[in-house]
Amino acid sequence: MKPPRVAIVDYGVGNLMSIKMGVERAGGLPKITANMDEALEADAIILPGVGAFKPAMRFLQPYKDRLIEALKGGKPLLGICLGMQLLFDESLEGGLTKGLGIFRGRVVPLPRGVRTPHMGWNSLKILRDNPLLEGVENGEYFYFVHSYYPDTVGNHILALTEYGVEFPAVVGAGKIYGTQFHPEKSGPQGLRILKNFVGRIAVEG
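Definitions and cut-offs
Residues numbered from 1 in each chain as written. Predicted model: local features only at pLDDT ≥ 70, side-chain atom pairs only at ≥ 80, totals over all residues. Heavy atoms only, no water. Pairing = 2+ DSSP bridges. Helix = DSSP H or I, 4+ residues; strand = E, 2+ residues; numbered from the N terminus. Core = buried A, V, L, I, M, F, W, Y, C linked by side-chain atoms within 4.5 Å. Buried < 20%, exposed > 50% of the residue type's maximum accessible area, 1.4 Å probe, protein only. Contact = heavy atoms within 4.5 Å. Polar contact = N/O pair within 3.5 Å; in protein donor to acceptor, adjacent residues only side chain to side chain. Axes fitted to C-alpha atoms, helices over the stretch in contact; angles between N-to-C directions.

**Regarding the sheet that holds strand β7 (residues 103-109)**
- Reading across from one edge, β6-β5-β7-β11 is the order of the four strands in this open sheet, with mixed pairing throughout. Each of the sheet's edge strands pairs with one partner strand only, and the pair in question is β6 (97-98) and β11 (148-151).
- Note: strand β5 (residues 88-91) against β7, three bridges, orientation parallel. By the bridge assignment for β7, Glu 90 is matched with Arg 106.

**Here we look at the nonpolar core**
- Ranked by size, the top nonpolar core spans 62 residues in total, and within it Tyr 11, Ile 46, Leu 47, Leu 124 and Val 170 carry the most contacts.
- Tallying contributions element by element places helix α6 (residues 187-204) first for this core, with six residues.
- If near-sequence neighbours (up to four positions away) are discounted, Val 170 is found in contact with Leu 124, Leu 132, Leu 133, His 156, Ile 157, Leu 158, Ala 159, Gly 178, Thr 179 and Phe 181.

**Notes on the side chain of Ser 186**
- Position of Ser 186 among the secondary structure elements: in the loop between β14 (176-179) and α6.
- Within the structure, Ser 186 has its side chain in polar contact with the backbone oxygen of His 182 (distance 2.6 Å).

**Comments concerning the sheet that holds strand β2 (residues 29-33)**
- If you trace the eight strands from one edge of the open sheet to the other, you get β2-β1-β3-β4-β14-β13-β12-β9, paired in mixed fashion. Every interior strand has two partners, whereas the edge strands, β2 and β9 (125-126), have only one.
- Here four bridges tie strand β13 (residues 166-173) to β14, and the two strands are oriented antiparallel to one another. For Gly 172, the partnering residue across the bridge sits in β14 and is Tyr 177.
- This element, helix α1 (residues 16-25), spans β1 (5-9), β2, β3 (44-47) and β4 (77-80) of the sheet and lies at about 160° to β2.

Structure follows, in structure tokens:
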């Protein structure tokens, strides 16, 4: 079985090389690209996670319908941090901005009284078994860097964490996933998440 081709979308954010290295270690063939036509031809897509909601959606907007159609057709996607937030209906970051609308909910600021950005290691409270979380123990720690979180309810919430408020740390439905933390910065347990994602592509892509 050939390693799956994974497109890491470059919409002007940072940390792309760390994700690329993580995907390589997980057994995928990653390619960083700013060409969404190329990204949509890959076996799977990663929306990376350092940047702001509004400019990222400005980049994605011309391809929104094609991207959603591809996801409905079964193309796997992993959104990391900002990439996860883009999967929701809308965000208040930088003014109200519509997202991809894959999951219902609004991205809102962390509560007053906590230091932002939230930067550091937090543990997961796993709510549901899912292939993305296979081998990940309840209470394991992952690395977060963010100032906003998705305010949402539903079965798409796979794991929670807490920082001033309890919020989704992992979401998923079908082969569409999001992590509010950075798996590429989270050591062996983060690599496990990436391996699980790549494994989903290899088995079902």
